[in-house]
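Below, each chain spelled out in residue letters.
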Amino acid sequence: QVQLVESGGGLVQAGGSLRLTCAASGRTFSRYAMGWFRQAPGKEREFVAAISWSGGDTFYADSVKGRFTISRDNAKNMVYLQMNSLKPDDTAVYYCAAILYGDPSDGRGYDYWGQGTQVTVSS
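Residues numbered from 1 in each chain as written. Predicted model: local features only at pLDDT ≥ 70, side-chain atom pairs only at ≥ 80, totals over all residues. Heavy atoms only, no water.

**Student:** Whenever I open this one, unusual backbone geometry confuses me. Can you help?
**Tutor:** Leaving glycine aside, a negative phi is the common case for residues, and trans is the common case for peptide bonds. A positive phi angle, close to 55 degrees, is found at N77, a residue other than glycine. Inspection of the secondary structure puts N77 in the loop between β7 (68–73) and β8 (78–83). The phi torsion at S85 lies on the positive side, around 50 degrees, for a residue other than glycine. Its place among the elements puts S85 in the loop between β8 and β9 (92–99). A relative accessible area of 42% means that S85 is categorised as partly exposed. (Helix = DSSP H or I, 4+ residues; strand = E, 2+ residues; numbered from the N terminus. Buried < 20%, exposed > 50% of the residue type's maximum accessible area, 1.4 Å probe, protein only.)

Take a look at the structure:
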């Protein structure tokens, strides 16, 4: 069992930065690949970024590549999403999720989800 709690969301101007944090509980955290997804009002949930269990592999949606960076600290049971050069289109609720097996870009395969944190980017 893995429980996930996101934090770090807020209101920021376009061009600004935010760092999201996902705190995980559970002794098996380091076995899971971790992902960030987002959902804007009236839109479907979309993949943002993912990181392998070791941190050695990362994956990004084209829309955030070069602006966002995912990282993890298995010793602290933490996952991070550094978001730079934010745009109004990045406004959404951001979710942290854990997956044991499967395609890390496909939300349907994830085993555990956090409650989400709101990110709002003003123009």
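**Student:** Any chance you could explain the nonpolar core here in plain terms?
**Tutor:** Nonpolar side chains in soluble globular proteins generally cluster together in the buried interior. Formed by 37 residues in total, the largest nonpolar core has its most connected members in L4, M34, W36, L81, M83 and Y94. Only β3 (18–25), β4 (33–39), β5 (46–51), β7, β8, β9 and β11 (117–122) provide two or more residues apiece to this core. Once residues lying within four places of it in the same chain are set aside, the contact partners of M83 are G16, S17, L18, L20, R67, F68, Y94 and V119. (Core = buried A, V, L, I, M, F, W, Y, C linked by side-chain atoms within 4.5 Å. Contact = heavy atoms within 4.5 Å.)

**Student:** I'm lost on the side chain of D90 in this one. Help?
**Tutor:** Take D90: it is sitting in the loop between β8 and β9. According to the relative accessible area criterion, D90 is buried, its value standing at 1%. At 2.9 Å, the side chain of D90 forms a polar contact with the side chain of R38. Separated by 2.8 Å, the side chain of D90 and the backbone nitrogen of K87 make a polar contact. In contact with D90, other than residues within four places in its own chain, are R38, R67, F68, S85, V119 and V121. (Polar contact = N/O pair within 3.5 Å; in protein donor to acceptor, adjacent residues only side chain to side chain.)

**Student:** Which parts of the structure should I look at to understand the pattern of salt bridges?
**Tutor:** Side chains that differ in charge, positive against negative, can pair when their charged atoms come close. With the rule as written, the count across this model stands at five salt bridges. For R38, the salt bridge identified is with D90, shortest N-O distance 2.9 Å. Of this pair, R38 sits in strand β4 while D90 is found in the loop between β8 and β9, placing the two residues 52 residues apart along the sequence. Grouping residues by exposure puts R38 and D90 together as buried. The salt bridge partner of R108 is D106, with a shortest N-O separation of 2.8 Å. R108 gets classed as exposed once you look at its relative accessible area, which sits at 74%. Linked through salt bridges whose partners overlap, the residues forming this network are R38, E46, R67 and D90. (Salt bridge = Lys/Arg side-chain N within 4 Å of Asp/Glu carboxyl O.)

**Student:** Mind showing me how you'd approach the environment of G114 here?
**Tutor:** With respect to the secondary-structure elements, G114 resides in the loop between β10 (112–113) and β11. Along the primary structure G114 and G16 are separated by 98 residues, whereas in three dimensions their C-alpha atoms are 24 Å apart. Setting aside its immediate chain neighbours within four residues, G114 contacts L4, E6, Y95 and C96.

Function cannot be read off these values alone, since they describe shape.
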